[in-house]
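# Overview (structure and organization)
Read off the chains here:
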Amino acid sequence: MILGAIAAPLVAPYHPLETDFAAQFSPPTLAHWLGTDAFGRDLLSRLIYGSRTALLVGFVSAFVGATLGALIGVASAYFGGRIDLLMQRVVDLFLAFPIIILALAVVSVFGTGVFNVIVAITIPLIPRCGRVVRASALAVREVPYVDAARALGFGHARIILRHMVPNVVAPFLILLSAFVGQAILSEAALSYLGLGVQEPVAAWGLMLQGSAEDYATTAPWIAIFPGLAIALTVFGFSLFGDALRDAIDPKLRDR
């Protein structure tokens with residue numbers, strides 16, 4: 001998927017915005033391997049270019065959300081007391097809502113577009129990573145080298161960033177890989193609802209919108225192939241996250 005997104009201009013047989021009204025609703029043929037949509041646009045080309053949108057939103061949202069969540073989780077565990085209690089209550093407030101509901105709320109405030117979709121998906125991911133990383137950071141806070149750093153007079157920022165954050169990298173990487181799939185699925189859902197990426201940008205959610213449901217019986221390939229792309233991508237990143245967890249966790253490595 002990554003290689004296809006990088007080499008999209010070389011791999012895609014057509015431009016994703018090229019229309020051919022003489023080839024509307026063309027089924028899969030040698031000329032159009034996955035068929036065409038209501039505007040005669042090649043579905044294979046739009047799927048390839050759509051992977052760029054999916055990966056951009058997925059990786060940026062997952063990385064920013066997981067990074068901010070990890071910093072919040074480590075800081076909450078390090079300071080403890082009232083600061084920890086206050087931060088965790090805010091986290092609980094965000095965790096009470098599903099990701100798509102919070103994303104819809106953010107998009108309704110800031111509007112549509114790729115950047116706003118990234119912001120809308122990033123915000124719900126922050127507390128989910130913060131809660132998991134905090135659990136690991138609580139154990140790290142009690143180890144002797146953190147006490148030694150305090151005794152030597154190191155500042156809070158240095159202890160958090162240099163001594164605690166590197167020791168919670170394992171859950172951070174696992175969550176990061178899992179969040180990529182969730183972010184791609186959320187972006188497709190928002191685009192399908194008309195609140196995400198807008199035309200003429202090639203996006204898998206947009207390919208499922210409109211004509212895909214209107215012509216589900218007469219031209220089912222319009223919905224089948226984008227749906228398969230979304231499902232396989234999310235499934236692939238989920239498997240990658242599980243494999244990464246098994247490789248990092250020493251308890252599961254031998255198994």
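The structure under discussion appears in the preceding block.
Figured I'd write up the structure that's included with this text. Quick caveat, the model's predicted, so the values are computed rather than measured. (Residues numbered from 1 in each chain as written. Predicted model: local features only at pLDDT ≥ 70, side-chain atom pairs only at ≥ 80, totals over all residues. Heavy atoms only, no water.)

## Regarding helix α12 (residues 221–248)
Counted only if it meets this: To qualify as a helix, a DSSP run of H or I must reach at least 4 residues; to qualify as a strand, a run of E must reach at least 2; elements of each kind are numbered from the N terminus. Working rule for helices: expected span equals 1.5 Å times residues minus one. To sort residues, take the accessible area from a 1.4 Å probe on protein chains only and compare it with the maximum for the residue type: under 20% means buried, over 50% means exposed, and anything in between is partly exposed.
A rise of 1.5 Å per residue sets the reference length of α12, with its 28 residues, at 40 Å; its end C-alpha atoms lie 40 Å apart and thus fit the reference within 8%. Every buried residue of α12 is accounted for by Trp 221, Ile 222, Pro 226, Ala 229, Ile 230, Thr 233, Val 234, Phe 237 and Gly 241.

## Some remarks on the nonpolar core
The test is simple: Only buried residues count toward a nonpolar core, which is a set of Ala, Val, Leu, Ile, Met, Phe, Trp, Tyr and Cys residues joined through side-chain atoms within 4.5 Å. The contact rule is simple, with two residues in contact once any of their heavy atoms fall within 4.5 Å.
Core analysis: the biggest nonpolar cluster contains 58 residues, and Val 74, Ile 121, Cys 129, Val 133, Met 164, Phe 179 and Trp 204 have the highest contact counts within it. Listed by contribution, the elements that provide at least two residues to this core are α3 (43–79), α5 (99–110), α6 (114–141), α7 (144–151), α8 (156–164), α9 (169–192), α10 (204–208) and α12. Per-element tally for this core: the top contributor is α3, with 15 residues. Residues within four places of Phe 179 in sequence aside, it is in contact with Ala 62, Ala 66, Leu 125, Arg 128 and Cys 129.

## A few points about α8
Heads up, the rule is: Directions are taken from the helix axis to each C-beta atom, and the arc is the one they span.
All of the buried residues in α8 are Ile 159, Ile 160, His 163 and Met 164. Down the axis of α8, the buried side of the element spans an arc of 115 degrees, and every buried residue falls inside it. Opposite its buried face, α8 presents the exposed residues Ala 157, Leu 161 and Arg 162, each directed more than 90 degrees away. Looking at the buried positions of α8, the neighbouring elements they touch are α3, α6 and α7.

## Looking at a nonpolar patch on the surface
Rules: Only residues above 30% relative accessible area that lack a salt bridge enter a patch, with like-charged residues linked at up to 9 Å and the nonpolar side chains Val, Leu, Ile, Met, Phe, Trp and Tyr linked at up to 5 Å. Calculation of accessible area relied on Shrake-Rupley with a 1.4 Å probe; when residues are assessed, cover is drawn exclusively from the protein chains displayed. Between Lys or Arg on one side and Asp or Glu on the other, a salt bridge is scored when a side-chain nitrogen of the former is within 4 Å of a carboxyl oxygen of the latter.
Taken together, the side chains of Leu 56, Val 60, Phe 63, Val 64, Leu 68, Leu 71 and Leu 161 define a hydrophobic patch exposed on the protein surface, amounting to about 560 Å² of accessible area. Sort the elements by how many residues they give to the nonpolar patch and α3 lands first, with 6 residues. Mapped onto the elements of the fold, Leu 161 is located in helix α8. Under the relative-accessibility criterion, Leu 161 is labelled exposed at 52%.

## A short note on the packing of aromatic side chains
Here is the rule: In this scheme Phe, Tyr and Trp rings, the latter by its six-membered ring, pair at centre separations within 6.5 Å, and the angle between planes marks the pair as stacked below 30 degrees, edge-to-face above 60, and tilted otherwise.
According to the stated counting rule, one finds 2 aromatic pairs in the structure shown. On the basis of an interplanar angle of 80 degrees and a centroid distance of 6.0 Å, the ring pair of Phe 59 and Phe 237 is categorised as edge-to-face. Of this pair, Phe 59 sits in helix α3 while Phe 237 sits in helix α12, and the two are 178 residues apart along the sequence. Residue Phe 59 is classed as partly exposed on the basis of its relative accessible area, which comes to 36%. We classify Phe 237 as buried; its relative accessible area is 15%. When the ring of Tyr 78 is compared with that of Phe 79, the centres are 5.1 Å apart and the planes differ by 80 degrees; the resulting orientation is edge-to-face. For Tyr 78, a relative accessible area of 6% gives the class buried.

So far we have only geometry, and geometry alone does not tell us how the molecule works.
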